[in-house]
Amino acid sequence: MNGLFTVADFKKKAEEVSKDSLLFTYFKHGAEKEITLKHNENIFRELYILPKCLVDVSNVNMNTKIFGCEAKWPVGISPSANHKQAHNDGEIGTAKAAGNVGSIFILSSFSMTSFEDVAVHAPNTIKWLQMYIYKDRNINRNFINRAEANDFKAIVITVDSPQFGYQTLRFQKEYETGKSLETVDYPNFSPFLENPDDMHASEDYIFSQTSSNASWKDVEDIVKMTTLPVIAKGILRPEDALRAKAAGCKGVIVSNHGGRQLDCTLSPLEVLPSIVESVGNDLVIMMDSGVYSGYDVFKALALGAQYVFMGRAVLWGLIVGGTEGAEKVLTTVKNELERTMCLSGCPDISNITRNCVRWRYATSRL
Ligand SMILES: Cc1cc2nc3c(=O)[nH]c(=O)nc-3n(C[C@H](O)[C@H](O)[C@H](O)COP(=O)(O)O)c2cc1C
Ligand SMILES: CCCCCCC(=O)C(=O)O
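Notes on the structure in this doc start here.

Reading the values: rules and limits
- Residues numbered from 1 in each chain as written.
- Chains lettered and ligands numbered in written order.
- Predicted model: local features only at pLDDT ≥ 70, side-chain atom pairs only at ≥ 80, totals over all residues.
- Heavy atoms only, no water.
- Near = heavy atom within 4 Å.
- Polar contact = N/O pair within 3.5 Å; in protein donor to acceptor, adjacent residues only side chain to side chain.
- Areas by Shrake-Rupley, 256 points an atom, 1.4 Å probe, with all protein chains shown as cover.
- Helix = DSSP H or I, 4+ residues; strand = E, 2+ residues; numbered from the N terminus.
- Nonpolar A, V, L, I, M, F, W, Y, C, P; charged D, E, K, R; others polar.
- Phe/Tyr/Trp six-rings, centres within 6.5 Å; stacked < 30°, edge-to-face > 60°.
- Buried < 20%, exposed > 50% of the residue type's maximum accessible area, 1.4 Å probe, protein only.
- Lys NZ or Arg CZ within 6 Å of the ring centre and 35° of its normal.
- Core = buried A, V, L, I, M, F, W, Y, C linked by side-chain atoms within 4.5 Å.
- Contact = heavy atoms within 4.5 Å.

**Looking at the site of ligand 1**
At step 1: Neighbouring ligand 1 are 24 residues; Pro 79, Ser 108, Thr 158, Asp 288 and Tyr 292 lie closest to it.
At step 2: Contact between ligand 1 and Gly 290: an oxygen atom at 3.0 Å from a main-chain N or O atom of the residue.
At step 3: Across the complex, the protein chains shield 98% of the 600 Å² of accessible surface that ligand 1 would expose by itself.
At step 4: Elements that contribute at least two residues to the shell around ligand 1 include exactly α2 (22–28) and α14 (312–343).
At step 5: Class assignment for the residues of the shell around ligand 1 results in nine nonpolar, eleven polar and four charged.

Here it is in structure tokens:
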């Protein structure tokens, strides 16, 4: 992995390694015309940093506390499906990488490794479990019981997916090549399958369980089932953050799912301030979508995020070099954040505030 200095370098290498396979297109693409996917990255280029001079930055402290857990820096891994397709190390690899650099790891319920196996093999990582609201509400209960039994520290409910987003460009490629993405097994759902050995059954079952009539009442029910903090992921509106709070959530992840669900949405970076303003200190506010450097992390923190997650960036590392690659991506971003804090006169995370940044064009920002 010599010669890879930025997340962009890892992405380029990952594309080479994958030989532009269908798998890479699944990881890379967004929904529809990818207006949101591109916007998520571009918007960070519109926000600029105003450094403070002659501040003592001889000790830069990135430590932060979240839901009672000590984290070594404010960046974690967003939940994403199919890690074993990226690299044999799979979800255990990414979970270990997170633990090695003091990041929180959110395990997708669409993992190719079971909750239990990840828990056993990455015991030193702070792990949260992500789930959707499933048609068969018994799955919700089953997943929560397993999260509690396996030392997961929070439940993340993804609330932006009444159906899966439409990856037009991936489907075009499938059509052109006459191939389609390999079917994989989702072991977390095995207890619910009549024939757990049939791979297609697990994928079909997941699609059949996508719940397009889920409501905040379901979130409330999940909150009542567990003593773990519940976090709503996929919030873009202040009213929805308030609804999450009313349902008993302890936090929200402001996210547009990395541009993979509804296209043409605003980016989390733009809506963060309005959400922070409406919920104040009542919820822990986190974000993801479009974060690919330590500079991006700094900007998200400045606009009010308490913790930031990265999705694809870590997947590029995983594809390139398994556990080690994922860890190297995290370390790269961590070093960038440390440098940004030092050069901007912010020795502590708490120094990164709204007045550290300015929009290039100050009009019409939420
Ligand atoms: C390949 C892939 C699979 C994903 N799978 C899930 C998932 O299972 N559950 C979920 O809530 N979000 C999922 N996401 C969305 C991520 O959690 C996250 O919101 C997004 O990747 C953030 O944007 P970024 O990739 O620009 O960092 C997935 C994203 C990718 C790229
Ligand atoms: C049949 C598995 C679909 C997984 C969808 C995961 C996801 O959220 C994504 O963006 O991809």
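**Here we look at the site of ligand 2**
At step 1: Near ligand 2 the following residues occur: Tyr 26, Phe 110, Tyr 132, Phe 164, Tyr 186, Glu 203, Phe 207, His 257 and Arg 260.
At step 2: Tyr 26 has a polar side-chain atom sitting 2.7 Å from an oxygen atom of ligand 2.
At step 3: His 257 places a side-chain nitrogen or oxygen 2.8 Å from an oxygen atom of ligand 2.
At step 4: Contact with the protein chains removes 85% of the 340 Å² of surface that ligand 2 exposes when unbound.
At step 5: When grouped by side-chain class, the residues that make up the shell around ligand 2 number six nonpolar, one polar and two charged.

**Section: the packing of aromatic side chains**
At step 1: Counted under the stated rule, the structure contains 19 aromatic pairs.
At step 2: Aromatic pair Tyr 132 and Phe 164: ring centres 6.1 Å apart, planes at 90°, arrangement edge-to-face. One end of the pair, Tyr 132, is in the loop between β6 (127–131) and α7 (137–149); the other, Phe 164, is in the loop between β7 (155–158) and α8 (168–177), and 32 residues separate them in sequence.
At step 3: Of the residues examined, Tyr 132 reaches a relative accessible area of 12% and is grouped as buried.
At step 4: Since its relative accessible area comes to 26%, Phe 164 is described here as partly exposed.
At step 5: Taken together, a centroid distance of 5.3 Å and an interplanar angle of 90° make the contact between Phe 164 and Phe 207 edge-to-face. With Phe 164 in the loop between β7 and α8 and Phe 207 in helix α9 (residues 199–208), this residue pair connects regions lying 43 residues apart in the sequence.
At step 6: We note Arg 260 situated over the ring of Tyr 26; from NZ or CZ to the ring centre the distance is 4.9 Å.

**Quick notes on the nonpolar core**
At step 1: Core analysis: the largest hydrophobic core is formed by 101 residues, its most contacted members being Phe 189, Met 287, Met 310 and Trp 316.
At step 2: It is α14 that provides the largest number of residues to this core, a total of 13 residues.
At step 3: Those residues in contact with Phe 189 that lie beyond four places of it in its chain are Ser 109, Phe 110, Tyr 134, Ile 139, Phe 143, Tyr 205 and Ile 206.

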